[in-house]
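If you want the building blocks of each chain, they are given just below.
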Amino acid sequence: MSKKIKLKGVIPPVATPFKSNGEIDFTAYESNLKKWVEKGVNGILAFGSNGETVHLTQDEKIELVKKSSEVLPEDKLLIAGSGGLTPEETIELTNRSAKQGADVALVITPYFYSSNMTEKALIKYYEEVAAKAEIPIMLYNVPKYTGIKIPLEVIAELSKNENIIGMKDSSGDITYLAQIMEVSAEDFDPLVGTANAFYPALTLGVQGGILALANIAPAECVKVLNLVKENKLDKARKLYTKLIPTNKAVTAKYGIPGLKAAMDKLGYYGGKPRKPLITLDDKEKEELFSTLEKADLL
């Protein structure tokens, strides 16, 4: 294998809509996908953390890949969040996803025994997955959920692997992201994983982001990216700054329930999160919608 797939552009880690009975609403999912494509995104991440991956069965994840592959144009990237707690689990879901049309697998760090995830353990894990994966893989650094920040030495080593093509960094640490670009192989593509760091990441030379915000403001995220490409940095910075409160609302403050409520308000299908998550109350919705209005999203 070779690193032919380039990771770039705005990629929403898409929400998973559910029916009132708790089953996945694939009709609503297809509708959302078509709207995101129309807004100029470069692809999607299915069943990432914003897709409530920990609340989905493996068979449900495979159905989401299948539906995504059927709906997305061929030039759009389909990434599957196939990371599990063991290499065997990850390889199985990765290769099942590949058979249904996934282009790339996003592989989270094994996190339950976090204190034992040494540099040696992480390198061994990712190398085993990469060797047996039928599609290229990406590292997924998300300390908020895992308690693990992938060491730079590990990234430097793994970036040389021909089947590890890049990384989603959701740490929000711009210094760390800059160091990743310095130590990694030339054909390794890091993407920023939080809109809070989107503009500064782009000015460092990062080519795109997998952003929860792109579920509800895909066109605006694409515009920030294009403005930076055009060297219109002042305009890019102002738009990015206007979007930050909304991003904080649908990630740090209200999380998945907030993201889904915002989607409903903005013409997408969000619906209820899967239990044990609960929907926002009326006061929370009012505060969230006020934030959307201030960002000129309503």
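As a reminder, the structure under discussion sits directly above these lines.
Rules used in this analysis
- Residues numbered from 1 in each chain as written.
- Predicted model: local features only at pLDDT ≥ 70, side-chain atom pairs only at ≥ 80, totals over all residues.
- Heavy atoms only, no water.
- Helix = DSSP H or I, 4+ residues; strand = E, 2+ residues; numbered from the N terminus.
- Rg over C-alpha atoms; globule rule 2.2 N^0.38 Å.
- Buried < 20%, exposed > 50% of the residue type's maximum accessible area, 1.4 Å probe, protein only.
- Contact = heavy atoms within 4.5 Å.
- Pairing = 2+ DSSP bridges.
- Right-handed = clockwise from strand over helix to strand, strands pointing away.
- Expected span 1.5 Å × (residues − 1).
- Salt bridge = Lys/Arg side-chain N within 4 Å of Asp/Glu carboxyl O.
- Patch = residues over 30% accessible without salt bridge, like charges linked within 9 Å, V, L, I, M, F, W, Y side chains within 5 Å.
- Areas by Shrake-Rupley, 256 points an atom, 1.4 Å probe, with all protein chains shown as cover.
- Lys, Arg positive; Asp, Glu negative; His and termini not counted.
- Charge placed at Lys NZ, Arg CZ, Asp CG, Glu CD.
- Phe/Tyr/Trp six-rings, centres within 6.5 Å; stacked < 30°, edge-to-face > 60°.
- Lys NZ or Arg CZ within 6 Å of the ring centre and 35° of its normal.

Caption draft 1: Structural view of the overall build of the protein chain. Across its full length, the protein chain holds 12 helices and 8 strands. Compactness check: the protein chain gives a C-alpha radius of gyration of 18 Å against a globular reference of 19 Å for 298 residues, within 12% of the reference. Projected onto its principal axes, the C-alpha positions of the protein chain cover 50 × 45 × 40 Å. Across the 298 residues of the protein chain, 55% fall into the buried class. In the protein chain, the share of contacts with a sequence separation of at least 24, taken over all contacts with a separation of at least 6, comes to 72%.

Caption draft 2: The arrangement of the pairing of strand β3 (residues 77-80) in detail. Neither face of β3 is left uncovered, since the one carrying L77 and I79 and the one carrying L78 and A80 both have all their residues buried. With 4 bridges joining them, strand β2 (residues 43-46) and β3 adopt parallel strand pairing. Its bridge partner lying in β3, G43 is registered against L77. Of the crossover connections in this fold, the one passing from β2 over helix α2 (residues 58-71) to the parallel β3 is right-handed. Bridge count for β3 against strand β4 (residues 104-108) is 2 bridges, and the pairing is parallel. Bridge assignment links I79 to a residue of β4, and that residue is V104.

Caption draft 3: The arrangement of helix α3 (residues 87-99) in detail. The first and last C-alpha atoms of α3 sit 18 Å apart over 13 residues, in line with the 18 Å expected at 1.5 Å per residue. Regarding α3, the residues found buried are P87, T90, I91, L93, T94, N95, S97 and A98. In this fold, the buried residues of α3 make contact with α2, β3, β4 and α4 (119-132). Just past α3, the residue G101 takes up positive phi, approximately 115°.

Caption draft 4: Broad picture of the pattern of salt bridges. In total, this model carries 15 salt bridges according to the counting rule given. A salt bridge links D189 to K6, with the nearest nitrogen and oxygen atoms 3.1 Å apart. Of the two residues, D189 is situated in strand β7 (residues 189-192) and K6 in the segment before β1 (9-11); the sequence distance between them amounts to 183 residues. Taken together, the salt bridges that share partners define one network made up of E30, K34, K67 and E70.

Caption draft 5: Spotlight on a negative patch on the surface. Residues D281, D282, E286 and E287 make up a contiguous surface patch of negative charge. Its place among the elements puts D281 in the loop between α11 (255-265) and α12 (282-294). Taking the relative accessible area as the measure of exposure, D281 reaches 40% and is therefore partly exposed.

Caption draft 6: Broad picture of the packing of aromatic side chains. Applying the stated criterion across every chain, the model contains 4 aromatic pairs. Between F112 and Y113, the ring centres sit 5.1 Å apart and the planes meet at 85°, which makes this aromatic pair edge-to-face. Overall, F112 belongs to the exposed group, its relative accessible area being 60%. You can call Y113 exposed: its relative accessible area is 57%. Of note, K35 hangs over the ring of Y268, and the distance from its end group to the ring centre comes to 5.7 Å. Taking the ring centre of Y176 as reference, the NZ or CZ of K149 above it sits at 4.5 Å.

Caption draft 7: Examining α11 more closely. By the criterion of burial, α11 is predominantly enclosed, with 9 of the 11 residues buried. Restricting attention to buried positions, one finds in α11 the residues G255, I256, P257, G258, L259, K260, A261, A262 and M263. Lining the buried residues of α11 we find α1 (26-38), α10 (233-253) and α12. Directly after α11, the chain includes G267, whose backbone phi takes a positive value near 95°.

Caption draft 8: Molecular detail of a nonpolar patch on the surface. Where nonpolar side chains cluster on the molecular surface, the patch consists of L85, F112 and Y113 and spans about 380 Å² of accessible area. Take Y113: it is sitting in the loop between β4 and α4.

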